[in-house]
Amino acid sequence: MTRIRAAITGVGGYVPEYRLSNDELSTMVDTSDEWIMQRIGIKERRILKGEGKATSDMGALAVKDLLDKTGTDPNDIDLLIAATITPDMFFPNVSNLTAHKTGLKNAWTFDMGAACSGFLFALETGRNFVENGRYKKVIVLGADKMSAIVDYTDRTTCPLFGDGAACVLLEPSEEDTGIIDSMLHVDGSGAPSLHMKAGGSLRPSSHETVDRRQHFVFQEGQTVFKFAVSKMADISVEMMKKHNISPEELAWLVPHQANMRIIEATARRMGISKDQVMINIQRYGNTTAATIPLCLWEWEERLKKDDNIILAAFGGGFTWGSLYLKWAYNGSKNS
Ligand code: UT7
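Residues numbered from 1 in each chain as written. Predicted model: local features only at pLDDT ≥ 70, side-chain atom pairs only at ≥ 80, totals over all residues. Heavy atoms only, no water.

### Considerations on the nonpolar core
Taken as a class, soluble globular proteins show a tendency for nonpolar side chains to be buried jointly. Note the cut-off: Among buried residues, those of type Ala, Val, Leu, Ile, Met, Phe, Trp, Tyr and Cys that are joined through side-chain atoms within 4.5 Å constitute a nonpolar core. Buried, partly exposed and exposed residues are distinguished by accessible area as a fraction of the type maximum, computed with a 1.4 Å probe on protein chains only: under 20%, between the cut-offs, and over 50%, respectively. Numbered from the N terminus, helices here are DSSP runs of H or I no shorter than four residues, and strands are runs of E no shorter than two. An automatic or database domain assignment supplies the residue ranges for each domain. In what follows, residue pairs with any heavy atoms lying within 4.5 Å of each other are defined as contacts.
Formed by 42 residues in total, the largest nonpolar core has its most connected members in Leu250, Leu253, Met270, Ile272, Val277, Ile310 and Phe314. At the level of secondary structure, the elements contributing two or more residues to this core comprise strand S8 (178–186), helix H7 (221–242), helix H8 (260–270), strand S12 (308–315) and strand S13 (319–326). If you tally residues by element for this core, the top one is H7, at 7 residues. Structurally, this core is a two-domain feature, drawing no fewer than three residues from each of domain 1 (5–175) and domain 2 (180–326). Setting aside residues up to four positions removed in sequence, Leu253 forms contacts with Thr266, Met270, Ile272, Gln276, Val277, Met278, Ile310 and Ala312. Counting 39 residues, the second-largest nonpolar core is a separate cluster that includes Ala6, Ile8, Tyr135 and Ile179.

### Focus on the site of the ligand
Short version of the rule: We define proximity as follows: a residue is near a molecule or strand when any one of its heavy atoms falls within 4 Å of that partner. Whenever a nitrogen or oxygen atom comes within 3.5 Å of another N or O atom, the pair is scored as a polar contact, on the condition that within protein one atom can donate a hydrogen and the other can accept it, and that pairs from neighbouring residues in sequence are kept only if both atoms are in side chains. Every accessible area reported is derived by Shrake-Rupley at a probe size of 1.4 Å, with residue values counting cover from the shown protein chains alone.
In the region of the ligand, 22 residues are neighbours, and Thr31, Arg39, Gln222, Asn259 and Asn286 sit closest. Between Gln219 and the ligand, the recorded distance is 3.1 Å, taken from a side-chain N or O atom to a nitrogen atom. Between the ligand and the protein, one listed contact pairs an oxygen atom with a side-chain N or O atom of Asn259 at 2.7 Å. A total of 960 Å² of accessible area belongs to the ligand in isolation, and the protein chains cover 73% of it. Of all elements in the fold, only helix H2 (33–39), H7 and H8 reach the threshold of two or more residues within the shell around the ligand. A per-element tally of the shell around the ligand places H7 first, with 5 residues.

### Side note on the sheet that holds strand S11 (residues 252–255)
Quick reminder of the rule: Only when DSSP finds a minimum of two bridges between them are two strands counted as paired. Working convention: axes come from line fits to C-alpha atoms, limited for helices to the stretch in contact. Angles between N-to-C directions cover 0 to 180 degrees.
Strand order in the open sheet formed by 4 strands is S8-S13-S12-S11, and the pairing between neighbours is mixed. Each of the sheet's edge strands pairs with one partner strand only, and the pair in question is S8 and S11. Neighbouring strand axes in the sheet, compared pairwise and without regard to direction, differ in orientation by 15° on average. Pairing of S11 with S12, which is carried by 4 bridges, proceeds in the parallel orientation. Its bridge partner lying in S12, Leu253 is registered against Ile310. Those strands touched by helix H5 (residues 118–131) are S8, S12 and S13, and its axis lies near 135° from that of S8.

### Re the environment of Thr9
The residue Thr9 is located in strand S1 (residues 5–14) in this model. Between the alpha carbons of Thr9 and Ala265 there is a distance of 30 Å; along the sequence they are 256 residues apart. Excluding anything up to four places from it in sequence, Thr9 contacts Thr70, Leu169, Glu171, Tyr329 and Lys333. Of the polar contacts made by the side chain of Thr9, one reaches the side chain of Glu171; its length is 2.6 Å.

### Topic: the domain arrangement of the protein chain
How we decide: Note on definitions: salt bridges are taken to be side-chain nitrogens of Lys or Arg within 4 Å of carboxyl oxygens of Asp or Glu. When residues are sorted by character, Ala, Val, Leu, Ile, Met, Phe, Trp, Tyr, Cys and Pro go into the nonpolar class, Asp, Glu, Lys and Arg into the charged class, and all the rest, Gly among them, into the polar class.
Each domain of the protein chain was delimited in the assignment, giving domain 1 (5–175) and domain 2 (180–326). Between the C-alpha centres of domain 1 and domain 2 there is a distance of 14 Å. With 52 residues of domain 1 at the interface, the matching set in domain 2 holds 48 residues. At the surface where domain 1 touches domain 2, the tally comes to 3 salt bridges. Note that Arg213 is salt-bridged to Asp151, the shortest N-O span being 3.0 Å. Counting across the interface, domain 1 meets domain 2 through 18 residue pairs in polar contact (both at pLDDT 80 or more). When contributions to the side of domain 1 that touches domain 2 are tallied by element, the ones reaching two or more residues are S1, H2, strand S3 (44–47), helix H3 (55–70), H5, strand S6 (138–145) and strand S7 (163–173). Looking at which element gives the most residues to the side of domain 1 that touches domain 2, the answer is S1, with 7 residues. Here the side of domain 1 that touches domain 2 is composed, by residue class, of 26 nonpolar, 12 polar and 14 charged.

Shown next, in the form of structure tokens:
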């Protein structure tokens, strides 16, 4: 019997127009372009402006882009999974609201919250629905409006994050292309180093939590940095070894975009050159669940059928993992 794999057959994306530069940030907190470029590698990040604009609005624009480019009828989508930690509201889900805004009348939907590894966790989940024959068209979306939960008076976190959304279409493939393997991990003991202190069931929102500025990203940068470097590099090297992929055979590493130094360390450990790494952190910053699909969206034109690609991420939780796939088509899909 032919083996069915779940293959990415299209990519869509959206980034907001407003560019928050390091120079503008330097007017808000005590920082500089030089420090941010040296320690993080971000030049600017996109910010979703406007009253009433939320994560699902970016998600909807990304999904529309995907449907247009692949010539897909919204009625044919079976399932939409959205990875996000910045839902429009506690409920309904971002995926639910996005489906409504894009006319996915026959899809059911759910959200996944695995922070910066969210897209990988969602991709692995979507993959299984396709591989087991249950569904033919699954959209996996990564979308985050990080500006909604970033404290723009805290110089240790505010330069890091940006807003954006991107998604992929998963369809069955009988060729030897598609998702081949994934390795995913969590370690809840990392929670104290990267979390949001209030607003959940542990510490519901109150005047006090607002006064204490507890509704923003809290991060112990150095601790997270150390874990991110070792875990993301280890898991990517492990994936290469498991599948006997030499550095020359790897077409692309698609790393989560949290810090240029983490990306460079991962590439070094894998023995690959920077030319084999998708990097757009300088333009978008860390868009959490959206970083990896935004890279695929930007690089789509240059991708070729059978390209060996490793996706890798590390994030809050802690969560981390890598996913190995063979790209399924040549160049950009524009129906
Ligand atoms: O995607 C989720 C996972 N997140 C990550 O992977 C992020 C991991 N962490 C990091 O990327 C880095 O730890 C940061 C970029 C957050 C911080 O860089 P760092 O090299 O670890 O700096 P640090 O926290 O050790 O701070 C060094 C110095 C401190 O000053 P003193 O104590 O040496 O006088 C900070 O107060 O830099 C200072 N500093 C800044 N200076 C200018 C911290 N933030 C800034 C800033 N501008 N924005």
